[in-house]
Amino acid sequence: SQQGEEDPQALSIQEGENATMNCSYKTSINNLQWYRQNSGRGLVHLILIRSNEREKHSGRLRVTLDTSKKSSSLLITASRAADTASYFCATDAGSQGNLIFGKGTKLSVKP
Amino acid sequence: DAGITQSPRHKVTETGTPVTLRCHQTENHRYMYWYRQDPGHGLRLIHYSYGVKDTDKGEVSDGYSVSRSKTEDFLLTLESATSSQTSVYFCAISDSGTGANVLTFGAGSRLTVL
């Protein structure tokens, strides 16, 4: 069963614009993570935000977490063509082995 | 994908044949996972291991078995492959050293069952 659900499913923007992706989940979590997957490759960890954190930054990435709404957002500022990829949120509810992934948002950044 | 390799990367097989996918890590991480990725479903956990000979089922374990006889190797076996097992399979590792389960993924194994 999916825990996280990303929105939108697909997003197309121009280079230089900001990209925002959202993730909603159903149960209490210990932390929420975002991963990127380039076409034909494995997933790569981007950022982790713990349940007691509200916002976190890493380079051009900004993640927010609202535990009352059970939602998170990933903002990529000043997008580049190289940011073209699928982005997945994953929730860690603490059960051993149970990092549950959403279905992903496919981001296309046009030069 | 440094430190984790999957083999084979591509395989075509026929329904009813056994298939084994191998995941090898050089990071000495305790935890290893097998996921499958299908359009419209995202990634779903098949099985995972929390130590040598210690494994447990994930969300979609039916039709799959795993073994871990050494820290570095985690094998996924399809005893009798079916067309519904056509998928891309990803292995992942974690040491949970920070108290958070951050995964490092392999490059994937694309399996086609005819």
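Here, the structure is the one placed above.
Residues numbered from 1 in each chain as written. Chains lettered and ligands numbered in written order. Predicted model: local features only at pLDDT ≥ 70, side-chain atom pairs only at ≥ 80, totals over all residues. Heavy atoms only, no water.

Caption draft 1: Structural detail: the state of the cysteines. Taken as a whole and assessed by the stated rule, the structure comprises two disulfides over all chains. Note that Cys23 of chain A is cross-linked by a disulfide to Cys89 of chain A, the S-S spacing being 2.1 Å. One disulfide, between Cys23 of chain A and Cys89 of chain A, carries an S-S torsion of 65 degrees and so falls in the right-handed class. With Cys23 of chain A in strand 3 (residues 19-24) and Cys89 of chain A in strand 9 (residues 85-92), this residue pair connects regions lying 66 residues apart in the sequence. Looking at Cys89 of chain A, the relative accessible area reads 0%, which means it is buried. Residue pairing for Cys23 of chain B: its cysteine sulfur links by disulfide to Cys91 of chain B, the two sulfurs lying 1.9 Å apart. Linking Cys23 of chain B and Cys91 of chain B, the disulfide has an S-S dihedral of approximately -75 degrees and is accordingly described as left-handed. With Cys23 of chain B in strand 3 (residues 19-25) and Cys91 of chain B in strand 9 (residues 87-94), this residue pair connects regions lying 68 residues apart in the sequence. Exposure class is identical for Cys23 of chain B and Cys91 of chain B. Each is buried. (Disulfide = S-S within 2.5 Å. Helix = DSSP H or I, 4+ residues; strand = E, 2+ residues; numbered from the N terminus. Buried < 20%, exposed > 50% of the residue type's maximum accessible area, 1.4 Å probe, protein only.)

Caption draft 2: Structural detail: the side chain of Thr105 of chain A. All names here are of chain A. Here Thr105 lies in strand 11 (residues 105-110). Using a relative accessible area of 0% as the deciding quantity, one classes Thr105 as buried. Within the structure, the side chain of Thr105 is placed 2.5 Å from the backbone oxygen of Pro8, a separation counted as a polar contact. If we ignore the near neighbours within four places in the chain, the residues touching Thr105 are Glu6, Asp7, Pro8, Gln9, Leu11, Met21, Ala85, Ser86 and Tyr87. (Polar contact = N/O pair within 3.5 Å; in protein donor to acceptor, adjacent residues only side chain to side chain. Contact = heavy atoms within 4.5 Å.)

Caption draft 3: The pairing of strand 9 of chain A, seen in detail. All names here are of chain A. Across the eight residues that make up strand 9, a large majority, eight, are buried. Alternating positions in strand 9 separate into two faces, Ala85, Tyr87, Cys89 and Thr91 on one and Ser86, Phe88, Ala90 and Asp92 on the other, with burial throughout. Pairing analysis gives seven bridges linking strand 4 (residues 31-37) to strand 9, with the strands arranged antiparallel. Each bridged residue has a counterpart across the sheet, and for Asn31 the counterpart in strand 9 is Asp92. Sheet topology note: the strand 9/strand 11 ladder contains three bridges and is antiparallel. (Pairing = 2+ DSSP bridges.)

Caption draft 4: Just the nonpolar core, in detail. Met21, Leu32, Trp34, Leu74, Ile76, Tyr87 and Leu107 of chain A are the most contacted members of the largest nonpolar core, which totals 21 residues. Breaking this core down by element, the ones donating at least two residues are strand 3, strand 4, strand 5 (43-50), strand 7 (61-66), strand 8 (71-76), strand 9 and strand 11 of chain A. Excluding residues that lie within four positions of it along the chain, Leu74 of chain A makes contacts with Ala19, Thr20, Met21, Trp34, Leu46, Leu61, Arg62, Val63 and Tyr87 of chain A. Counting residues in hydrophobic clusters, the runner-up holds 19 residues, among them Ile4, Met32, Ile46 and Val113 of chain B. (Core = buried A, V, L, I, M, F, W, Y, C linked by side-chain atoms within 4.5 Å.)

Caption draft 5: Region of interest: the packing of aromatic side chains. Under the definition given, this model contains 10 aromatic pairs over all chains. Ring centres 5.9 Å apart and planes at 85 degrees place the aromatic pair Tyr35 of chain A and Phe105 of chain B in the edge-to-face group. Note that Tyr35 of chain A is positioned in strand 4 and Phe105 of chain B in strand 10 (residues 104-105), a pairing that runs across two chains. Residue class for Tyr35 of chain A comes out buried when judged on its relative accessible area of 0%. Taken together, a centroid distance of 5.9 Å and an interplanar angle of 75 degrees make the contact between Phe101 of chain A and Phe105 of chain B edge-to-face. Here Phe101 of chain A, found in strand 10 (residues 99-101), pairs with Phe105 of chain B, found in strand 10, and the two come from separate chains. Chaining the aromatic ring pairs together yields one cluster made of Tyr35 and Phe101 of chain A together with Tyr33, Tyr35, Tyr48, Tyr50, Phe90 and Phe105 of chain B. (Phe/Tyr/Trp six-rings, centres within 6.5 Å; stacked < 30°, edge-to-face > 60°.)

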